[in-house]
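Coordinates in review
As a plain string of letters, each chain reads:
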2 protein chains.
Amino acid sequence: MATHQNTARDPQQRTAPPPGAQVPNDGSGVAECRQVLQIISLVGNKWSILVIGHLRDRTLRFSELHRAVDGISQRMLTLTLRQLERDGLLTRTVHPTVPPHVEYALTTLGTTLLDSVATLGRWATTHRQEIDDNRLHYDTAHSARTPT
Amino acid sequence: MATHQNTARDPQQRTAPPPGAQVPNDGSGVAECRQVLQIISLVGNKWSILVIGHLRDRTLRFSELHRAVDGISQRMLTLTLRQLERDGLLTRTVHPTVPPHVEYALTTLGTTLLDSVATLGRWATTHRQEIDDNRLHYDTAHSARTPT
DNA sequence: CGGTATCCAGCCTGATACTG
DNA sequence: CAGTATCAGGCTGGATACCG
């Protein structure tokens, strides 16, 4: 949604953070949603969260991540990794060997983020069934347009 | 990303929840990311979180929401509202008056979600500056490709 | 092995117009 | 006022090919 990765160009062009709007909130206010949007845009890359999730316990190499995430393309992995690196969520360590070795490790910031999304994860786990149930109910009530 | 709202058609076609993969996690595990993805897809609609955020304190009518969210198109508002309603995050109450009155109210489920995203909101607020700093640092170090 | 650049398809999004 | 339908555009994301 604001992930700047169209064709791997202008990597910072879209970051247009308008100043002001700095209100003391508890984190769930209306004005705070904007902040959250940034984060969910950051994490809502669909791959970002997967990547940092895999990086949670140990550092991984590029190909290891490529295998681990399973389904991500090389392009998206690179893009995601670079963005995450840019945001300071992970570090990229290049070992100048003949076959290049690149290690990706989660930073403290990344760990804290993972910890925060864990809250959402718990909510998801807790209410997934409920939501699924609601959807089914809703869909049933709306697809019942063939009576008589 | 998985928001099913292409042209207001097949509202439940994409919900392909494969069974299994039910592991007891703490909410931050790798396998748990899938669950979170559903939620951030649910909330990452960019408008969804804004809408439920505005609905947090009081119920609102369609046009009120339209004005409040400011920037959302009628189409997206409707789509978002219907999705949220489908998921059981809010209720839609139609008052059969001559000028149609439709009230949207957050459900308990919606409130709990809002509470969970508040955690992310707090994280965002806390580390926004840090991330911004990291980005600037990263961009600076990478745009310094014009020496000599 | 790690990464970049290009091409291309699909989806999301927004604007507009019309109906009840 | 509330909502639906249609059209057009922008962005995201995947596959492929090639470089260091």
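Structure: above.
Residues numbered from 1 in each chain as written. Chains lettered and ligands numbered in written order. Predicted model: local features only at pLDDT ≥ 70, side-chain atom pairs only at ≥ 80, totals over all residues. Heavy atoms only, no water.

Topic: the interface of chain B and chain A
Contact residues are listed per partner, giving 56 residues for chain B and 56 residues for chain A. Taken over both partners, the interface formed by chain B and chain A buries close to 5600 Å², and the fraction arising from carbon and sulfur atoms is 64%. It is Leu120, Trp123 and Arg135 of chain B in chain B that bury the most area against chain A; as a group they hold 12% of the surface buried on that side. Linking chain B with chain A are four salt bridges, by the criterion used here. Here Arg86 of chain B and Asp139 of chain A are joined by a salt bridge, their closest N and O atoms 2.5 Å apart. If you look at where chain B meets chain A, you find 11 residue pairs in polar contact (both at pLDDT 80 or more). For the side of chain B that touches chain A, the elements supplying multiple residues, two or more each, are α1 (33–43), α2 (48–54), α4 (74–86) and α5 (108–143) of chain B. In terms of residue count, the dominant contributor to the side of chain B that touches chain A is α5 of chain B (23 residues). (Contact = heavy atoms within 4.5 Å. Buried area = accessible area lost by both parts, 1.4 Å probe. Salt bridge = Lys/Arg side-chain N within 4 Å of Asp/Glu carboxyl O. Polar contact = N/O pair within 3.5 Å; in protein donor to acceptor, adjacent residues only side chain to side chain. Helix = DSSP H or I, 4+ residues; strand = E, 2+ residues; numbered from the N terminus.)

Some remarks on the nonpolar core
Judged by nonpolar contacts, the single largest core of 70 residues is most densely connected at Val51 and Leu113 of chain A together with Val51 and Leu113 of chain B. The contacts of Val51 of chain B, once residues within four sequence positions are left out, are Leu65, Val69, Leu77, Thr80, Leu81, Leu84 and Leu90 of chain B. (Core = buried A, V, L, I, M, F, W, Y, C linked by side-chain atoms within 4.5 Å. Buried < 20%, exposed > 50% of the residue type's maximum accessible area, 1.4 Å probe, protein only.)

Details of the relation of the copies chain B and chain A
When chain B is brought onto chain A, the operation consists of a screw motion whose angular component is 180 degrees and whose axial shift is 0.0 Å, with 0.0 Å RMSD remaining. Look at the turn and shift together and you get a two-fold axis relating the two. (Least-squares fit on C-alpha atoms with pLDDT ≥ 70 in both.)

Concerning the pairing of strand β2 (residues 90–95) of chain B
All names here are of chain B. Bridging between β2 and strand β3 (residues 101–106) involves six bridges; their strand directions are antiparallel. Looking across to β3, one finds that Val94 is bridged to Val102. If you look at the hairpin formed by β2 and β3, you'll find five residues sitting between the two strands. (Pairing = 2+ DSSP bridges.)

With respect to unusual backbone geometry
In this model, Lys46 of chain A sits at a positive phi of 70 degrees, which is unusual for a non-glycine residue. Mapped onto the fold, Lys46 of chain A is located in the loop between α1 (33–43) and α2 (48–54).

As for the environment of Gln74 of chain A
Residues and elements named next belong to chain A. By secondary structure assignment, the location of Gln74 is in helix α4 (residues 74–86). Relative accessible area serves as the criterion here: at 51%, Gln74 is assigned to the exposed category. Along the backbone, Gln74 and Leu109 are 35 residues apart, and their C-alpha atoms lie at a distance of 25 Å. Residue contacts for Gln74: discarding those within four places in its chain leaves Phe62 and His66.

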